[in-house]
Amino acid sequence: MSKIKNKGIYAVILASSIGTLIEWYDFYIFGALEPIIAQKFFPAGNPTLATLAALATFAAGFLVRPFGAIVFGRLGDLVGRKYTFLLTLLLMGGATFAIGCVPEYSVIGMAAPIIILLLRLVQGLALGGEYGGAATYVSEHCDAKERGFYTSFIQTTATLGLFLSLSVIYLTKLLVGAEAFSDWGWRIPFIISVLLVGLSVYIRMKMQESPLFAKAKSEGKTSKNPLKESFGRKANLKIVLLALFGATAGQGVVWYTGQFYANAFIQKTMLVVDDQRIPLMLFAIVLATPFFIVFGRLSDKIGRKWIMMFGILIAVLTYRPIYSAMLNLSDVKSKTELTEKTITETKNTVSANGDSIKINIVSKSYSDNSSLKEITKITGSGAKAKTELKKEFMLSSSGWWTLMFLVFIQIFYVTMVYGPIAAFLVELFPTRIRYTSMSLPYHVGNGIFGGLTPFIATALAVSGALNGLWYPIIIGAFTFVIGAIFLSNKIDEDVSD
Amino acid sequence: MLLVHKILGLSFVVMAFFAEYFLIVYILSGTLVKDPASNQIFAATVIPVSIPIMVGLALFGWYAFKGEYLKLRDKR
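Residues numbered from 1 in each chain as written. Chains lettered and ligands numbered in written order. Predicted model: local features only at pLDDT ≥ 70, side-chain atom pairs only at ≥ 80, totals over all residues. Heavy atoms only, no water.

J.: Help me understand the overall build of chain A, please; the structure alone is not making it clear to me.
T.: Helices and strands together make up the secondary structure of chain A, namely 20 helices and four strands. Scaling as 2.2 N^0.38, a compact globule of 497 residues should have a C-alpha radius of gyration of about 23 Å, and chain A matches this with 24 Å. Dimensions of chain A along its principal axes, counting C-alpha atoms only, are 80 × 50 × 40 Å. A fraction of 80% describes how many contacts in chain A between residues 6 or more apart in sequence connect residues 24 or more apart. Element-wise, carbon and sulfur atoms account for 65% of the exposed surface of chain A, whose accessible area totals about 19500 Å². Side-chain charges in chain A split into 45 positive and 31 negative, and the spacing between the mean points of these groups amounts to 6 Å. (Helix = DSSP H or I, 4+ residues; strand = E, 2+ residues; numbered from the N terminus. Rg over C-alpha atoms; globule rule 2.2 N^0.38 Å. Contact = heavy atoms within 4.5 Å. Areas by Shrake-Rupley, 256 points an atom, 1.4 Å probe, with all protein chains shown as cover. Lys, Arg positive; Asp, Glu negative; His and termini not counted. Charge placed at Lys NZ, Arg CZ, Asp CG, Glu CD.)

J.: So what exactly am I meant to see when it comes to the pairing of strand β1 (residues 343–350) of chain A here?
T.: Taken residue by residue, a regular strand's side chains alternate between the two faces of the sheet. Residue and element names in this part refer to chain A. Of the pairings in the sheet, the one linking β1 to strand β2 (residues 356–365) comprises eight bridges and is antiparallel in character. Directly across from Thr 344, in β2, lies its bridge partner Val 362. Counting the residues that bridge the hairpin from β1 to β2 gives five residues, and of these Gly 354 lies at a positive phi of roughly 90°. (Pairing = 2+ DSSP bridges.)

J.: Explain the pairing of strand β4 (residues 386–394) of chain A to me, please; I cannot follow it from the model alone.
T.: Residue and element names in this part refer to chain A. In terms of strand pairing, strand β3 (residues 371–379) meets β4 through nine bridges, oriented antiparallel. Considered in β4, the bridge of Glu 374 is made with Lys 391. What sits between the antiparallel neighbours β3 and β4 is a turn of six residues, in which Gly 380 has the positive phi angle 85°.

J.: Teacher, can you tell me more about the packing of helix α7 (residues 147–176) of chain A against helix α8 (residues 178–185) of chain A here?
T.: Packed helices, taken two at a time, are described by their axes: the angle between them and the distance between them. All names here are of chain A. With their axes 7 Å apart at the nearest point, α7 and α8 run at an angle of 115° to one another. One way to sum up the angle between α7 and α8 is to call them roughly perpendicular. Viewed along their axes, α7 and α8 form a crossing whose handedness is right-handed. When α7 is examined against α8, the residues Ile 169, Thr 172, Lys 173 and Val 176 are found in contact with a partner set consisting of Ala 178, Ala 180, Phe 181, Trp 184 and Gly 185. The residue inventory of the contact of α7 with α8, partitioned by class, reads six nonpolar, two polar and one charged. (Axes fitted to C-alpha atoms, helices over the stretch in contact; angles between N-to-C directions. Parallel < 35°, antiparallel > 145°, perpendicular 65-115°, else oblique. Left-handed = near helix turned anticlockwise from the far one by under 90°. Nonpolar A, V, L, I, M, F, W, Y, C, P; charged D, E, K, R; others polar.)

J.: Please clarify how the layout of surface pockets should be interpreted in this entry.
T.: Within this model, the second largest pocket holds a volume of roughly 790 Å³. For the lining of the second largest pocket, the elements supplying multiple residues, two or more each, are α18 (434–450), α19 (453–460) and α20 (470–486) of chain A together with α1 (2–29) and α2 (36–65) of chain B. Per element, the largest residue contribution to the lining of the second largest pocket is six residues, and it comes from α2(B). Residue composition of the lining of the second largest pocket, by class: 23 nonpolar, one polar and no charged. (1 Å grid on protein atoms, 1.4 Å probe; cavity = no way out; pocket = protein on both sides within 12 Å on 5 of 7 lines; lining within 4 Å. Points joined across faces, edges and corners; volume = space filled by probe spheres on them.)

J.: In this structure, what is going on with the packing of aromatic side chains? I would like to understand it.
T.: The geometry of an aromatic ring pair is captured by the separation of the ring centres together with the interplanar angle, meaning the angle of the planes. Residues and elements named next belong to chain A. What the rule picks out here adds up to 41 aromatic pairs over all chains. Both rings, one in Tyr 10 and one in Phe 153, keep their centres 6.4 Å apart while their planes meet at 85°; by these two values the pair is edge-to-face. On the criterion of sequence distance, the pair formed by Tyr 10 in helix α1 (residues 9–32) and Phe 153 in helix α7 is long-range, its members being 143 residues apart. The class for Tyr 10 is partly exposed, based on a relative accessible area of 48%. The class for Phe 153 is partly exposed, based on a relative accessible area of 22%. Above the face of the Phe 85 ring, Arg 204 is positioned so that its terminal group lies 3.9 Å from the ring centre. (Phe/Tyr/Trp six-rings, centres within 6.5 Å; stacked < 30°, edge-to-face > 60°. Buried < 20%, exposed > 50% of the residue type's maximum accessible area, 1.4 Å probe, protein only. Lys NZ or Arg CZ within 6 Å of the ring centre and 35° of its normal.)

J.: What exactly am I supposed to notice about helix α9 (residues 187–205) of chain A here?
T.: Turn by turn, an α-helix covers 3.6 residues, leaving residues three or four places apart pointing in a common direction. A rise of 1.5 Å per residue sets the reference length of α9(A), with its 19 residues, at 27 Å; its end C-alpha atoms lie 28 Å apart and thus fit the reference within 8%. Among all positions of α9(A), only Arg187(A), Pro189(A), Phe190(A), Ser193(A), Val197(A), Ser200(A), Val201(A), Ile203(A) and Arg204(A) are buried. (Expected span 1.5 Å × (residues − 1).)

J.: Honestly, the domain arrangement of chain A in this entry has me stumped. Any pointers?
T.: Accessible area lost upon the coming together of the parts serves often as the stated size of an interface. Residue and element names in this part refer to chain A. Segmenting chain A into domains produces domain 1 (1–222), domain 2 (223–330 + 395–492) and domain 3 (336–394). Facing 52 residues of domain 1, the contacting portion of domain 2 comprises 48 residues. When domain 1 packs against domain 2, close to 4400 Å² is buried across both sides, 67% of that on carbon and sulfur atoms. Between Glu 140 and Arg 434 there is a salt bridge; the shortest N-O distance is 2.6 Å. At the junction of domain 1 and domain 2, the tally comes to 20 residue pairs in polar contact (both at pLDDT 80 or more). Broken down by secondary-structure element, the contributors of at least two residues to the side of domain 1 that touches domain 2 are α1, α3 (47–78), α4 (81–101), α6 (111–139), α7 and α10 (211–218). Counting residues per element, the side of domain 1 that touches domain 2 draws most heavily on α7, which supplies 16 residues. Tallied by class, the residues present in the side of domain 1 that touches domain 2 amount to 23 nonpolar, 19 polar and ten charged. (Domains from an automatic or database assignment. Buried area = accessible area lost by both parts, 1.4 Å probe. Salt bridge = Lys/Arg side-chain N within 4 Å of Asp/Glu carboxyl O. Polar contact = N/O pair within 3.5 Å; in protein donor to acceptor, adjacent residues only side chain to side chain.)

J.: Please explain the packing of helix α12 (residues 234–269) of chain A against α19(A) as it appears in this structure.
T.: Residues and elements named next belong to chain A. Closest axis-to-axis distance for the α12/α19 pair is 9 Å, and the angle between their directions is 70°. Considered as vectors, α12 and α19 are oriented roughly perpendicular to each other. Taken as a pair, α12 and α19 cross one another with a handedness that is right-handed. Touching Val 253, Tyr 256, Thr 257, Phe 260 and Tyr 261 of α12 are Thr 453, Pro 454, Ala 457 and Thr 458, all from α19.

J.: Can you help me understand the nonpolar core in this one?
T.: The tendency in soluble globular proteins is for nonpolar side chains to be buried side by side. Grouped together as the largest cluster of nonpolar side chains are 135 residues, with contacts concentrated most on Phe245(A), Trp255(A), Tyr323(A), Tyr418(A), Phe449(A) and Phe486(A). The element best represented in this core is α12(A), accounting for 19 residues. Residues within four places of Phe245(A) in sequence aside, it is in contact with Phe449(A), Phe478(A), Thr479(A), Ile482(A), Ile53(B), Gly56(B), Leu57(B) and Phe60(B). Ranked by size, the runner-up nonpolar core spans 23 residues in total, among them Tyr25(A), Phe30(A), Val168(A) and Ile169(A). (Core = buried A, V, L, I, M, F, W, Y, C linked by side-chain atoms within 4.5 Å.)

J.: Help me out: how do you make sense of the interface of chain B and chain A in this one?
T.: Taken residue by residue, the interface counts 27 residues in chain B and 34 residues in chain A. Both sides of the chain B and chain A interface together cover about 2800 Å² of buried area, and 79% of this is carbon and sulfur. At the junction of chain B with chain A, the criterion picks out two salt bridges. Glu68(B) is paired through a salt bridge with Lys238(A); the nearest N and O atoms lie 2.8 Å apart. The interface formed by chain B and chain A holds three residue pairs in polar contact (both at pLDDT 80 or more) in total. Listed by contribution, the elements that provide at least two residues to the side of chain B that touches chain A are α1, α2 and α3 (68–75) of chain B.

J.: Help me out: how do you make sense of the sheet that holds β2(A) in this one?
T.: Sheet strands line up and pair through hydrogen bonds in the backbone, either parallel or antiparallel. Residues and elements named next belong to chain A. Ordered by their spatial adjacency, four strands build an open sheet running β1-β2-β3-β4, and the pairing between neighbours is antiparallel. Edge positions in the sheet fall to β1 and β4, since each has one partner strand and no second. Neighbour to neighbour, the strand axes of the sheet diverge by 15° on average, direction disregarded.

Here you go:
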């Protein structure tokens, strides 16, 4: 393996990383624009549409990804890495572009949500096939002593994809204005994807097949049935199970807690306004991202296992104090209200169907320079009047920085756990079945254990704001015990078998 | 070390069955998700997905109980 030269490795990393980054971008914009998509394609009040909307969220978010891992993993071990991850990129890009072009429910009726659901399923399937291909492709090109370092660039793409999606949405909103954005501007982030995919396909087309796979193929050593060899044979199945329960399950929950649950917690529990929340998330991501490479590099020196295990352990031990500190920042009961600064406004308008609308806005200021806006909207009058209450919390400057630091710490944990994992997974399996064998535990760990985090944590949080953390804490502790006892810290330098 | 593997292995087998049982009970009783449509979809997706995972956990526990992972570590 050490004979494989590192010449051109950065071109290989660039080709793999850009494609994976775009796939993550495509996948995240749907999630970030879900409230608008729900309004355009799944209007409230129709039970069938509510079912389709929930299906688009749950099924495509986590159910389909392991299937993608199986389908494309198998293809990658049979046909080759290069063509398989070209195919996943085209599928993802095509589906994303198409979402941006689908007419709304008000134009084509029931066909609109069904098309959206199908396209979302294609996205989930493609994502399931992409990561294993990119990680395998890079690792099969690079020197054994720097595998952790080189594959860590792939690891940055998931976080940078979130950064890119939030940035494009934020900038588009700024450019076209909030009203035009929710009317038609939301389509722009989807449509832009076609340019990014075109560029990535062009770069990937120029790349050669992985040298290890090409060699195995020329010698007739590739697998005839990768699925059977990966999961039907005890010798390999027990490694797949170890990778899942001893690494990827815990890694998935740490990742989803640090990036997605933190974001949802700031938005839904702390009620922080979007103008503060989005830049805060972007800033924390930018600061933490280089550590993926730091920990990837470090794993080449001291081994993969203990970096990942320490990341999981420290996350499990500190999540509750971190979230408690986050909650305190927006807890108005513990703040002193400056009653002389309270502003009350009332607006009266009429809705399109003639109902009177009364909007009461109460802006409260606190001694630490934070503020709370309570917006009460009363539609109609008398017994049929409908009241909606919305609260928006505005952090003080110091509060913003403290919260950003608390999110940064969580993403820092993600970099410890996620930075070395591609090299770790690649080293567990032989070339002939590597794509299939590593893709499934990765996507079950991330798609299912990790993907469920926001849903389960939010559901558990109903009984107490911090109770949602029990899910990542329990799964993380479970993975730590298995990983610490059952995994080896030895780096397998020769992956050419 | 073999004793630790055996104890943990056995606990994973037991844990797999109990976890699946409670997951099904919780989901079907609607405790986890309140909204009816979400609840149905959640159940329809989580239950079939969680069954193979829990079978996998039980299998993992069984291999650990038999000391297979100690042999694997020695080999590596």
